[in-house]
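The chain contents come next:
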Amino acid sequence: MTRTLTFLGLESSCDDTAAAVVRMEATGPRILASVVAGQTALHAPYGGVVPEIAARAHAEKLDLCVEEALAEAGVTLADLDGVAVTAGPGLIGGVMSGVMCAKGIAAGAGLPLVGVNHLAGHALTPQLTEGLAFPYLLLLVSGGHCQFLIAHGPEDFTRLGGTIDDAPGEAFDKTAKLLGLPQPGGPAVEAEAMSGDPKAVHFPRPLLDRPGCDMSFSGLKTALLRARDAEVAEHGGLRRQARRDLCAGFQAAVTDVLAEKSRRALREYLAHAPEHPAFAVAGGVAANATIRTRLEQVAAEFGATFAAPPLKLCTDNAAMIAYAGIARFEAGAQDGMDLSARPRWPLDRSAPAMLGSGKKGAKA
Ligand code: KG4
Ligand code: ZN
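Residues numbered from 1 in each chain as written. Chains lettered and ligands numbered in written order. Predicted model: local features only at pLDDT ≥ 70, side-chain atom pairs only at ≥ 80, totals over all residues. Heavy atoms only, no water.

Things to note about the UniProt feature "binding site: Fe cation" (unreviewed entry) in the chain
This chain's UniProt record puts "binding site: Fe cation" (unreviewed entry) on His 118, His 122 and Asp 316. These annotated residues cover 199 residues of sequence, and their C-alpha atoms all fall within 8.9 Å of one another, placing them together at a single site. Mapped onto the secondary structure, His 118 falls in helix H4 (residues 118-130). Taking the relative accessible area as the measure of exposure, His 118 reaches 1% and is therefore buried. One polar contact links His 118 to Ser 13, side chain to side chain, over a distance of 3.2 Å. In this fold, His 122 is placed in helix H4. Not counting the four nearest positions on each side in its chain, His 122 is found in contact with Leu 140, Ala 282, Gly 283, Cys 314, Thr 315, Asp 316 and Met 320. (UniProt positions renumbered as here; feature names shortened; annotations may be inferred. Helix = DSSP H or I, 4+ residues; strand = E, 2+ residues; numbered from the N terminus. Buried < 20%, exposed > 50% of the residue type's maximum accessible area, 1.4 Å probe, protein only. Polar contact = N/O pair within 3.5 Å; in protein donor to acceptor, adjacent residues only side chain to side chain. Contact = heavy atoms within 4.5 Å.)

Below, the structure written as structure tokens:
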């Protein structure tokens, strides 16, 4: 890195409209501003993200977020060296809103445009926040995704395995819905679980009996539904403590599966890169304290450094997109006005396609 680069980043692939300004300096990257406008209230009446509502809200809010981010960073368009935007994977209407907004700014201000893979944004966050060097093993665990990746470079990833159905964040969200808790479900379920007994109700640990790093979380939702119905049938309703116990049991099952699969992924990764024992976690579910702590313990078992971004950079944001844009740009990449929005965009192009469809649309 020889010159200072300042990028505006835009993110609109799910239910967060975000704009950020990141500056790459000789000493490393610095976040000058990161603005996130969530849409939780808009989707709340429907119990999940409604793609059409999300796309319209992004189109309405993007300009405002950009203005706010530039003002907070104390820069104008003339101070920027480029515009980075999430070009996929995600809900297509939202991604298109972001891509069109970025094209407008880039064309109007005569700036380079860089399309960014949303997953690369999450995957590179440990570099942005902890200065973690390549290579490292990454567990990307969010509302739409769950996969183990070896990060070799800004655009070079090998997938070791991932979920074959739901993503853990999606399972947290469904659990909250089934138990009458608010969305997004992760923080709500985590808060309930704090005063629950994780052993009161037994939940399965799917796919631990099979070798490899693939995971499955959809069965946990069925187990939860059965346990909830049994509780309601026996007591005529869901008692407060029973709800806490269900949340704790569910969270413990997700944590156990992620921990054991992380051990396997670390073994595989370390066979490939014994000189670089580093394990990072990113994505919205990485904000969960129980999961974070357990994964940190797993890293310690292997003598590996553990990196987890600060909570607000675990969930969707545009700082990670601006940073990933700078990394692509530095590597010589740039997009034209023909940049298109991609609903599906796997990080590891050689890996077989993932099955299923999450709240962010088709899985990459
Ligand atoms: O990365 P993110 O903002 O969006 C996606 O790319 O999916 O992740 C959002 C997901 C939601 O499903 C949310 O319930 C989950 O992350 N999440 C959590 C927590 N905070 C957010 N899950 C478990 N525990 C949390 N504390
Ligand atoms: Zn995300």
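From this point, things continue past the structure.
What to know about the packing of aromatic side chains
If you walk through the whole model with that rule in mind, you get 4 aromatic pairs. Between Phe 7 and Phe 329, the ring centres sit 5.3 Å apart and the planes meet at 55°, which makes this aromatic pair tilted. You can see Phe 7 sitting in strand S1 (residues 5-11) and its partner Phe 329 sitting in helix H11 (residues 319-330), a full 322 residues away along the chain. For Phe 7, a relative accessible area of 0% translates into the label buried. (Phe/Tyr/Trp six-rings, centres within 6.5 Å; stacked < 30°, edge-to-face > 60°.)

Quick look at the UniProt feature "domain: Gcp-like" (unreviewed entry) in the chain
When the UniProt feature table is mapped onto this chain numbering, "domain: Gcp-like" (unreviewed entry) sits at residues 31-323. Secondary structure content for residues 31-323 is 52% helix and 17% strand, while the C-alpha to C-alpha distance between its ends is 9 Å.

So, the nonpolar core
Judged by nonpolar contacts, the single largest core of 48 residues is most densely connected at Leu 137, Leu 139, Phe 217, Phe 250 and Leu 258. Listed by contribution, the elements that provide at least two residues to this core are strand S6 (136-141), strand S7 (146-153), helix H5 (168-178), helix H6 (185-193), helix H7 (218-235), helix H8 (240-272), strand S9 (278-282) and helix H9 (289-301). Every residue in contact with Leu 137, bar those within four places of it in the chain, is listed here: Phe 148, Leu 149, Ile 150, Leu 160, Ala 265, Leu 266, Tyr 269, Ala 278, Phe 279 and Ala 280. Listed in part, the 37 residues of the second largest apolar core include Ala 84, Tyr 136, Leu 140 and Ile 326. (Core = buried A, V, L, I, M, F, W, Y, C linked by side-chain atoms within 4.5 Å.)

Side note on H6
Since the α-helix advances by 3.6 residues per turn, residues separated by three or four positions end up pointing in the same direction. Burial within H6 is extensive, with 7 of its 9 residues counted as buried. Taken together, the buried positions of H6 are occupied by Gly 185, Gly 186, Ala 188, Val 189, Glu 190, Glu 192 and Ala 193. Elements that come into contact with the buried residues of H6 comprise H5, H8 and H9.

Observations regarding the pairing of S6
Burial analysis of S6 places 6 of its 6 residues in the buried class, the great majority of the element. Neither face of S6 is left uncovered, since the one carrying Tyr 136, Leu 138 and Leu 140 and the one carrying Leu 137, Leu 139 and Val 141 both have all their residues buried. Remark: 4 residues form the turn of the hairpin made by S6 and S7, two consecutive strands paired antiparallel. Here 4 bridges tie S6 to S9, and the two strands are oriented parallel to one another. When the sheet's bridge partners are listed, Leu 137 is paired in S9 with Phe 279. (Pairing = 2+ DSSP bridges.)

Considering the sheet that holds strand S5 (residues 113-117)
Within a sheet, adjacent strands bond to each other through the backbone by hydrogen bonds, running parallel or antiparallel. If you trace the 5 strands from one edge of the open sheet to the other, you get S3-S2-S1-S4-S5, paired in mixed fashion. Both edges of this open sheet fall to strand S3 (28-38) and S5, since each of them pairs with a single strand only. Across the sheet, the axes of successive neighbouring strands diverge by a mean angle of 20°, strand direction being ignored. Along the sheet face, helix H2 (residues 51-73) touches S1, strand S2 (16-25) and S3 and points at about 30° away from the line of S2. Here H11 sits on the sheet in contact with S1, S2, S3, strand S4 (82-88) and S5, set at roughly 130° to S1. (Axes fitted to C-alpha atoms, helices over the stretch in contact; angles between N-to-C directions.)

A word on the coordination of the zinc ion (ligand 2)
Here the zinc ion (ligand 2) is held by the protein donor atoms His 118 (NE2), His 122 (NE2) and Asp 316 (OD), which lie 2.0 to 2.2 Å from it. Geometry at the zinc ion (ligand 2) is irregular, judged from the 4 donor atoms that bind it and their angles of 93 to 140° at the metal. Along the chain, the residues donating to the zinc ion (ligand 2) are arranged with the sequence spacing H-x3-H-x193-D. Within this pair, whereas His 118 is found in helix H4, its partner Asp 316 is found in the loop between helix H10 (311-314) and H11, the two being separated by 198 residues in sequence. For the residue pair His 118 and Asp 316, the accessibility class agrees, reading buried in each case. (Donors = N, O, S within 2.8 Å, 3.2 Å for Na, K, Ca; no water. Tetrahedral: all angles 85-135°; square planar, octahedral: opposite > 155°, others 65-115°.)

Notes on the site of ligand 1
What surrounds ligand 1 is a group of 22 residues, the closest being Gly 143, Asp 173, Gly 186, Glu 190 and Asp 316. Here an oxygen atom of ligand 1 and a side-chain polar atom of His 118 are 3.4 Å apart. With respect to ligand 1, the side chain of His 122 contributes an N or O atom lying 3.3 Å from an oxygen atom. Notes on ligand 1: free accessible area 550 Å², of which the protein chains cover 95%. If one sorts the elements of the shell around ligand 1 by residue count, H6 sits on top with 4 residues. (Near = heavy atom within 4 Å. Areas by Shrake-Rupley, 256 points an atom, 1.4 Å probe, with all protein chains shown as cover.)

A look at the domain arrangement of the chain
Domain parsing of the chain yields domain 1 (5-132 + 312-331) and domain 2 (136-309). A straight line from the C-alpha centre of domain 1 to that of domain 2 covers 26 Å. Across the boundary between the two partners, domain 1 contributes 20 residues, which contact 22 residues of domain 2. Taken together, the two surfaces of domain 1 and domain 2 that pack against each other cover about 1700 Å², and 75% of this comes from carbon and sulfur. At the boundary of domain 1 and domain 2, one finds 1 salt bridge. The partner of Glu 155 in a salt bridge is Arg 328, and the shortest N-O contact between them spans 3.1 Å. Applying the counting rule to domain 1 against domain 2 returns 3 residue pairs in polar contact (both at pLDDT 80 or more). Mapped onto the side of domain 1 that touches domain 2, the elements with two or more residues apiece are H4, H10 and H11. (Domains from an automatic or database assignment. Buried area = accessible area lost by both parts, 1.4 Å probe. Salt bridge = Lys/Arg side-chain N within 4 Å of Asp/Glu carboxyl O.)

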